[in-house]
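Listed below, chain by chain, are the residues.
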Amino acid sequence: MYDPAQLRTFLAVAQTLSFTQAARRLGLRQSTVSQHIRRLEDATGRQLFTRDTHSVELTEDGEAMLGFARRILQVHEQATAFFTGTRVRGRLRFGASEDFVLTRLPEILESFRYDHPEVDLELTVELSGTLHEQLAAGKLDLVLAKRRPEDPRGELVWRDDLVWIGAERLRLDADRPVPLIVYPPPGITRARALEALEREGRAWRIVCTSGSLNGLVAAARAGLGVMAHSRRLIPPGLFRLPDRSGLPDLGKTDFVLLHGRRHGAAGNAANALATAVLAGGERLRRRGD
């Protein structure tokens, strides 16, 4: 019912929110991209994007199609590999942000290992900023991490609000510096938090620094201070601070997949894992039971 080529085009537009950028990424004419989207909308009987001369946005039906498209393409690639006899193999160095430690990423990786037993998967869990540096240095083949607002690179997995969180009984004194719980440099949420406070002229002090998410969560649960965190990934026992706390807005944060420069077996393995992560995007938004 749904053409894989049209689904790939749909994902490219959904990730870039631009027909022009999607065409450039896919090596297609912009008219072809428009045609693919129109035919997919005809096939579904639903409008997937709202668009004008200035912007492109997913509709509610488009958001639903996002998950379906990723899963359909994943199964399509698995079936193609099975019946053509091609096997993904080789060493794959995968880096994942600390934010995913408590999500269902392990389930996705377990499924990937089952589907591709000949891939030698090496997992690195680090700060997003550190993962970006290691990818640039050629030490990783694929990275799942946050990106800086000014960085256009990467394949969007999802976009989320960055919010202030803390213990339920935490109260902030407006006359005292904001007590911050942060990752060490080059943590992206650390930089966003400091920039937002300084932009508002709000004094701050660092009460805890840890390279481990578990360390930050322990400090926050103890009521030592506040931390910036993805709204959909708030750890158990912590809560979003209400607007009346007076802290500045932190904006959005993007979780993206970034590929390294390697080709051949490592490139094929990275592509296969990227497809699995994109297909499991909804599971990454939910924590384990």
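Before any of the text, the structure's been laid out above.
Thresholds, definitions, all that
- Residues numbered from 1 in each chain as written.
- Predicted model: local features only at pLDDT ≥ 70, side-chain atom pairs only at ≥ 80, totals over all residues.
- Heavy atoms only, no water.
- Buried < 20%, exposed > 50% of the residue type's maximum accessible area, 1.4 Å probe, protein only.
- Helix = DSSP H or I, 4+ residues; strand = E, 2+ residues; numbered from the N terminus.
- Pairing = 2+ DSSP bridges.
- Right-handed = clockwise from strand over helix to strand, strands pointing away.
- Phe/Tyr/Trp six-rings, centres within 6.5 Å; stacked < 30°, edge-to-face > 60°.
- Lys, Arg positive; Asp, Glu negative; His and termini not counted.
- Salt bridge = Lys/Arg side-chain N within 4 Å of Asp/Glu carboxyl O.
- Polar contact = N/O pair within 3.5 Å; in protein donor to acceptor, adjacent residues only side chain to side chain.
- Contact = heavy atoms within 4.5 Å.
- Axes fitted to C-alpha atoms, helices over the stretch in contact; angles between N-to-C directions.
- Parallel < 35°, antiparallel > 145°, perpendicular 65-115°, else oblique.
- Nonpolar A, V, L, I, M, F, W, Y, C, P; charged D, E, K, R; others polar.

(A) Highlighting the pairing of strand β3 (residues 90-97). Most of β3 sits out of view: six of its eight residues are buried. Bridging between β3 and strand β4 (residues 119-126) involves eight bridges; their strand directions are parallel. The residue bridging G95 from the neighbouring strand is T124, located in β4. Handedness of the crossover is the feature at issue here: the chain leaves β3, passes through helix α5 (residues 105-115), returns alongside β4, and the resulting connection is right-handed.

(B) Structural context of the packing of aromatic side chains. Tallied over the full model, the rule gives five aromatic pairs. For the pair F10 and F49, a centre-to-centre distance of 5.4 Å together with 50° between the ring planes defines the contact as tilted. A residue pair is termed long-range when its members are at least 10 positions apart, and F10 in helix α1 (residues 4-16) and F49 in strand β1 (residues 49-51) qualify at 39 residues. Using a relative accessible area of 0% as the deciding quantity, one classes F49 as buried. For the ring pair F100 and F255, a centre distance of 5.4 Å and an interplane angle of 70° mean the geometry is edge-to-face. Residue F100 is located in the loop between β3 and α5, and its partner F255 is located in strand β11 (residues 252-259); the two are separated by 155 residues in the primary sequence.

(C) Quick peek at the side chain of R202. If you trace the backbone, R202 turns up in the loop between α7 (188-199) and β8 (204-209). There is no salt bridge for the buried R202, and the closest opposite charge comes from D173, which lies 7.1 Å off by N-O distance. Reaching out from R202, the side chain makes a polar contact with the backbone oxygen of G246 at a distance of 3.3 Å. Setting aside residues up to four positions removed in sequence, R202 forms contacts with D173, A174, R176, V178, L197, S245, G246 and L247.

(D) Seen up close, the packing of α1 against helix α3 (residues 30-44). Across the interface, α1 lies against α3 with an axial gap of 9 Å and an inter-helix angle of 110°. Looking at the two axes, α1 sits roughly perpendicular to α3. On α3, the residues touching A5, Q6, L7, T9, F10 and V13 of α1 are V33, H36, I37, R39 and L40. A per-class count over the contact of α1 with α3 returns seven nonpolar, three polar and one charged.

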